[in-house]
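Structure at a glance
This is what each chain is made of:
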Amino acid sequence: YRHTVNSAAGGDFFANVYATSKALDHPDFRRELSHMWAQNGYAYSLIQFNNGLHGWHLSVEEYARLYEAAVAHIRWSQPDAHLVIALSTPVFLPHTTTPDPDKNEQVRRRNEAAAEIAAKYQASVNDLYTAMWDRPDLRLPDGYHYNEAGTVYQGETVAACIRKLLSTKGCI
C-alpha cells in the first residue's frame, strides 16, 4: 500500500518500504533491515514496523522476544525516528467470513505483545487489525490478503495515521 500512502501524502511526506516474508527468527532479517538503512542513507523521521503474519512456527513468547529485538534494532539504527507499531491484520478461514480459530488467535496475542512492546519503547500504535476486521469486501478469498480496494484502504489508513502523528503525535 506504499503507493497509496505516497499519493495520500500529497507531497507532505514520502513512504519508503522494506517488505519481506522472512520471519523474525530468520538469520537475514535484521541484516536486511540494516542494509536498507545503509543502502538508502536516510535518516527517517518516522518508521512503521510490522512482521506479524510470518513465522507461524514461533510461539507467542518467542515472537515477542524477537519482535522486541527487532524494535530495539530499529531504535538503535534510527534513534531519531518516531516509531509506529502496526498491528497485524486478522486472518480468516479461506472463502469465509469466519476468523481462523488458531491463526487469528495467534495474531490477536501477537498484537497484544506488540502493543506492550510499543508502550515500552514509547512507540505509537497503528491498529490495522481493527481497521480490517469487519471488511470482508476488502479481503481476497485466501483469508490473509486484500484486494486492490483493500490495499488502497490500508494505504489511506496508514497515511491518515502518519499525518496525524506528524501533527499531534498520536495515532490511536
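Preceding this section is the structure that the text describes.
What you see is a predicted model, and the numbers here were worked out from it, not measured in a lab.

1. Things to note about helix α3 (residues 60-77)
Counted at 1.5 Å a residue, the expected span for α3 with its 18 residues is 26 Å, and the 25 Å between its end C-alpha atoms agrees. Considered for burial, the residues of α3 that qualify are V60, Y63, A64, L66, Y67, A70, V71, H73, I74 and S77. Tucked inside the fold, the buried residues of α3 contact α2 (29-40), β1 (46-49), β2 (82-86) and α4 (103-120).

2. A few points about the pairing of β1
As judged from the 4 bridges shared by β1 and β2, these two strands associate in the parallel manner. Note on β2: the bridge partner recorded for I47 is L83. On the question of chirality, the crossover connecting β1 to the parallel β2 by way of α3 is right-handed.

3. Re the pattern of salt bridges
Enumeration according to the criterion identifies 8 salt bridges in this entry. With a shortest N-O distance of 2.7 Å, D12 and R163 are connected by a salt bridge. A residue pair is termed long-range when its members are at least 10 positions apart, and D12 in the loop between α1 (2-9) and α2 and R163 in helix α6 (residues 148-168) qualify at 151 residues. Of the residues examined, R163 reaches a relative accessible area of 35% and is grouped as partly exposed. We note a salt bridge from R108 to E105, for which the minimum N-O separation is 2.5 Å. In this pair, R108 and E105 are both assigned in helix α4, 3 residues apart and thus about one turn of the helix distant. The exposure class of R108 is partly exposed, given its relative accessible area of 32%. Salt bridges linked by common partners bring E105, R108 and E112 together as one network.

Definitions and cut-offs
- Residues numbered from 1 in each chain as written.
- Predicted model: local features only at pLDDT ≥ 70, side-chain atom pairs only at ≥ 80, totals over all residues.
- Heavy atoms only, no water.
- Helix = DSSP H or I, 4+ residues; strand = E, 2+ residues; numbered from the N terminus.
- Expected span 1.5 Å × (residues − 1).
- Buried < 20%, exposed > 50% of the residue type's maximum accessible area, 1.4 Å probe, protein only.
- Contact = heavy atoms within 4.5 Å.
- Pairing = 2+ DSSP bridges.
- Right-handed = clockwise from strand over helix to strand, strands pointing away.
- Salt bridge = Lys/Arg side-chain N within 4 Å of Asp/Glu carboxyl O.

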